[in-house]
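Here is what each chain is made of, one letter per residue.
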Amino acid sequence: MTFESIEPLRVGFVGGALNSAVGYTHFNASRLDGHFRVEAGCFSRNTKHNELTAQTYGVAANRIYDNWQQLFDAEKSNLDAIVILTPTPSHAEIAVAALEAGYPVICEKALGTSSEECRLIDAAVSKNNGYLAVTYNYSGYPMVRELQTMISEGRFGKIQQIHIEMPQEGFLRLGANPQDWRRSDALVPTVSLDLGVHIHHLVDFLTGGNKPQKVVGDQSSYGQFNGLVDNVYCLAQYQDELRVQAWWGKTALGQRNGLRIRVFGSIASAEWYQMQPEDLRWADNDGHYYVLDRGSSEAKTAQEPRYNRFKAGHPSGFIEAFANLYADIADDLRSFKKNKMRSNKYVHGTAVAEEGIRFLEKVSESAQIGRWINV
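Presented here is a report on the structure given in the accompanying data block. Small disclaimer: the values here were computed from a predicted structure and weren't measured.

### As for unusual backbone geometry
- Backbone torsion omega between K109 and A110 reads -15 degrees, so that peptide bond is classified as cis.
- Unlike most non-glycine residues, N129 shows phi in positive territory, near 50 degrees.

What follows is the structure, encoded as structure tokens:
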């Protein structure tokens, strides 16, 4: 791992308290390579959680705020970006307000609850010549990026099929207690806002922006919360005759986070499993079968020093993948602030977010009417 002397970017958190689902993860990932420093925040509406989080994150007492409006008013000249880590239904209001106030924005997925909300945020970006990045963290894994490199180099021939799944068990295990906002569905079921956005983004990321054309979906409720969609199947026809089979849900007992990607091309295939993130399994039409990792001589992207904080054989996991994405966002944000051309291929904003939510809207619509529909 190589380091350079560079001043950390100063950020304020909206949400992200210690008791939140993702707050501590973002805090650690953003700081791992020294690119960001959390200097202010409204971490929680609960005063105790707000103050305890600030103490843990090393934020001065005079830079803790009771609400995000106070934060935006007080910190304009002190921060390089706002990081939004609140529940998804509040993202649009906060993101638009931050952009209107002149702050660059880093937002936890999903960007919004509907494609309409994403378009409203995009309009605020355009109106204010603003900056917004969405944290699709699974694309930060070195071997996922290696897989993208291999696809872009044509190592698979023509990509014919992608099978991708993200099963979890949280809505069926005994004692399940998701946050209140996760217990209600709108146009897009909450399980799709949680998991489906990753599915769409990973396919988009790996294929270089191949777009879905038609989709058929199936949704069901198997868990402890009656009427709440918690399991989704999807078949999709993409451009260039690519077919995608997807499954995501929260009622697959024994699956902590079973994200799995299988790519099948005309001359080779590969498989990556999030529970074994260091391994990328590869097979070709000559009958060869082997496993790549960060230490493999055949690896290109995954051998870069930035992905090797320690040598292969000492696993790099979820926090490190998140940190890889934060390093890319830092690079991209610095270019934005210097009015330079932004060309970081790993950073995605409103366009991909809107496409993903629109795709999930069509999956839900298809499930309700029981037939294929155009995206």
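### A closer look at the side chain of T135
- Turning to its location among the elements, T135 is positioned in strand 5 (residues 132-135).
- T135 has contacts with H26, I106, C107, E108, K109, F322, L325 and I329, leaving out every residue within four places of it along the chain.

### Comments concerning the pairing of strand 11 (residues 268-273)
- A large share of strand 11 lies buried, amounting to five of its six residues.
- Alignment of strand 10 (residues 260-265) against strand 11, held across five bridges, turns out to be antiparallel. Of the residues in strand 11, the one forming a bridge with V263 is A270.
- Between strand 10 and strand 11, which follow one another and run antiparallel, lie two residues.
- Where strand 11 and strand 12 (residues 280-284) come together, five bridges link them in antiparallel fashion. Bridged to W272 within strand 12 is L280.
- In sequence, strand 11 turns back onto strand 12 through a hairpin of six residues.

Definitions and cut-offs
- Residues numbered from 1 in each chain as written.
- Predicted model: local features only at pLDDT ≥ 70, side-chain atom pairs only at ≥ 80, totals over all residues.
- Heavy atoms only, no water.
- Helix = DSSP H or I, 4+ residues; strand = E, 2+ residues; numbered from the N terminus.
- Contact = heavy atoms within 4.5 Å.
- Buried < 20%, exposed > 50% of the residue type's maximum accessible area, 1.4 Å probe, protein only.
- Pairing = 2+ DSSP bridges.

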